[in-house]
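Observations on the model geometry
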Amino acid sequence: MRAVCWMGKHDVQVREVPDPKILNSRDCIIKVKLSAICGSDLHLYDGYIPTMQEGDIIGHEVIGEVVEIGNEVDNLTVGDRVVIPFPIACGSCHYCKHEQHALCDNSNPNAHMAEAAYGYSPAGIFGYSHMLGGYAGGQAEYMRVPFADVGPMKVPDGVTDEQALFLSDIFPTGYQAALNCNIKSGDTVAVWGCGPVGLFAMKSAKLLGAERVIAIDHVPERLEKARRDADAEPLHFEKTSVLSELKEMTGGRGPDAVIEAVGMEAHGFNAADHFYDKAKQTLRLETDRPNALRQAIQACGKGGTVSIPGVYGGIIDKMPMGAAFGKGLTFKMGQTHVQRFMNKLMGHIEDGDIDPSFIISHRVPLVEAPAAYEMFKHKRNNCIKVVLHP
Ligand SMILES: [Zn+2]
Ligand SMILES: [Zn+2]
């Protein structure tokens with residue numbers, strides 16, 4: 001089959017690779033109908049995620065059709081149309097039982113690698129480094145899905161592939177980010193980053209009862225999209241003083257919650273010191289990224305919540321801990337427990353509350369993935385979200 005393979009920094013190639021096979025009785029194989037390129041795939045593309053190996057198949061936002069089933073999977077049949085959550089979860093460990101699927105204890109066969117960096121290992125993730133399981137991803141014609149009796153969700157007939165696809169990641173990720181804000185009616189939520197996750201966070205904040213959503217970015221087309229599609233009030237961070245503007249807009253109180261949907265280009269580490277030194281030495285180009293988090297902390301109103309769906313991998317510098325402590329802020333973050341939210345969010349799609357396909361800016365054949373990565377990275381042609389057709 002053909003698949004998008006990571007070949008090194010700024011080098012993805014569509015290559016001919018062996019078809020996936022059932023390896024475990026709880027696996028299934030899907031024929032991919034659509035996959036998407038995620039902002040977090042750019043961290044791979046830019047070479048910042050450690051433990052990638054040449055030839056690794058990437059992609060973790062996938063909808064497909066079940067073509068083969070392991071003999072312990074009794075909830076699926078061949079021909080089912082399913083959307084696949086990006087964290088791989090066993091369904092029966094302590095964390096899965098508490099619906100913390102992204103923290104599953106049993107889905108990362110390379111847990112020791114993550115434990116060296118984090119103390120404990122999070123769940124395995126499709127197409128996202130050997131430290132997170134070394135699983136082949138779904139920017140391909142076929143994909144093996146482990147724990148297929150737990151993750152895949154059947155898509156109802158009335159919902160299109162493009163509408164269901166983003167239940168794999170960015171819709172639940174935006175939703176969890178908003179849910180983490182503990183929104184009460186009348187609240188104002190400020191969101192840094194008008195990329196796909198930011199936009200879903202804004203729409204989710206409204207779904208959850210926020211009165212006002214303020215969108216912060218510096219790409220005019222994305223700010224306009226936030227205004228038009230997510231009913232947000234745009235702030236261009238290069239053209240205005242974000243902190244004073246937010247104060248002004250909220251009667252001096254500041255936002256009740258802030259969402260940092262930018263993230264930092266996550267960087268290589270085997271040990272904390274190595275990472276820190278490497279960052280100090282080589283990442284001057286990235287200093288604007290932690291700036292978003294610092295600014296969000298600074299801007300958050302007293303007693304507010306800082307919600308961080310943006311991906312962080314290592315250690316950041318100059319965390320404004322005094323501001324966080326002084327204002328009594330709550331921090332919520334982490335990968336998304338996608339499995340927990342899929343049913344509820346599918347309901348919102350079926351009820352017409354939201355049509356997630358609003359996010360798609362480009363639809364291209366799988367073989368054009370290398371050019372699509374380049375376009376997405378540089379936000380050319382108003383690129384917000386690329387969907388790949390195998
Ligand atoms: Zn993603
Ligand atoms: Zn588990």
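Parameters and conventions
Residues numbered from 1 in each chain as written. Chains lettered and ligands numbered in written order. Predicted model: local features only at pLDDT ≥ 70, side-chain atom pairs only at ≥ 80, totals over all residues. Heavy atoms only, no water. Core = buried A, V, L, I, M, F, W, Y, C linked by side-chain atoms within 4.5 Å. Buried < 20%, exposed > 50% of the residue type's maximum accessible area, 1.4 Å probe, protein only. Domains from an automatic or database assignment. Contact = heavy atoms within 4.5 Å. Pairing = 2+ DSSP bridges. Helix = DSSP H or I, 4+ residues; strand = E, 2+ residues; numbered from the N terminus. Axes fitted to C-alpha atoms, helices over the stretch in contact; angles between N-to-C directions. Donors = N, O, S within 2.8 Å, 3.2 Å for Na, K, Ca; no water. Tetrahedral: all angles 85-135°; square planar, octahedral: opposite > 155°, others 65-115°.

It is worth spelling out the nonpolar core at this point. By size, the foremost hydrophobic cluster in this structure holds 73 residues, and its most contacted members are Phe166, Val189, Met202, Ile359 and Val386. Summarising the domain contributions, this core has at least three residues from each of domain 1 (2-169 + 336-388) and domain 2 (174-333). The contacts of valine 386, once residues within four sequence positions are left out, are Ser35, Ala36, Ile37, His362, Val364, Ala372, Met375 and Phe376. Grouped together as the second largest cluster of nonpolar side chains are 22 residues, Ile30, Val62, Val66 and Val145 included.

This part covers the sheet that holds strand β15 (residues 305-308). In spatial order, the strands read β13-β12-β11-β14-β15-β16; together these six strands make up an open sheet with parallel pairing. Of all strands in the sheet, those with a lone pairing partner are β13 (233-236) and β16 (330-333), marking the two edges. Sheet twist, expressed as the mean angle between neighbouring strand axes with direction ignored, is 20 degrees. In this sheet, strand β12 (residues 212-217) lies alongside strand β11 (residues 188-192) in parallel orientation, the contact comprising five bridges. Paired with threonine 188 across the two strands is arginine 212, which belongs to β12.

For the zinc ion (ligand 1), the protein coordination sphere consists of Cys38 (SG), His60 (NE2), Glu61 (OE) and Asp169 (OD), at 1.8 to 2.2 Å. Here the zinc ion (ligand 1) binds four donor atoms, and the angle range of 93 to 130 degrees at the metal identifies the geometry as tetrahedral. Read from N- to C-terminus, the donor residues coordinating the zinc ion (ligand 1) fall into the pattern C-x21-H-E-x107-D. Taken as a pair, histidine 60 in the loop between β4 (56-57) and β5 (61-69) and aspartate 169 in the loop between α4 (161-165) and α5 (170-179) lie far apart in primary sequence, 109 residues in all.

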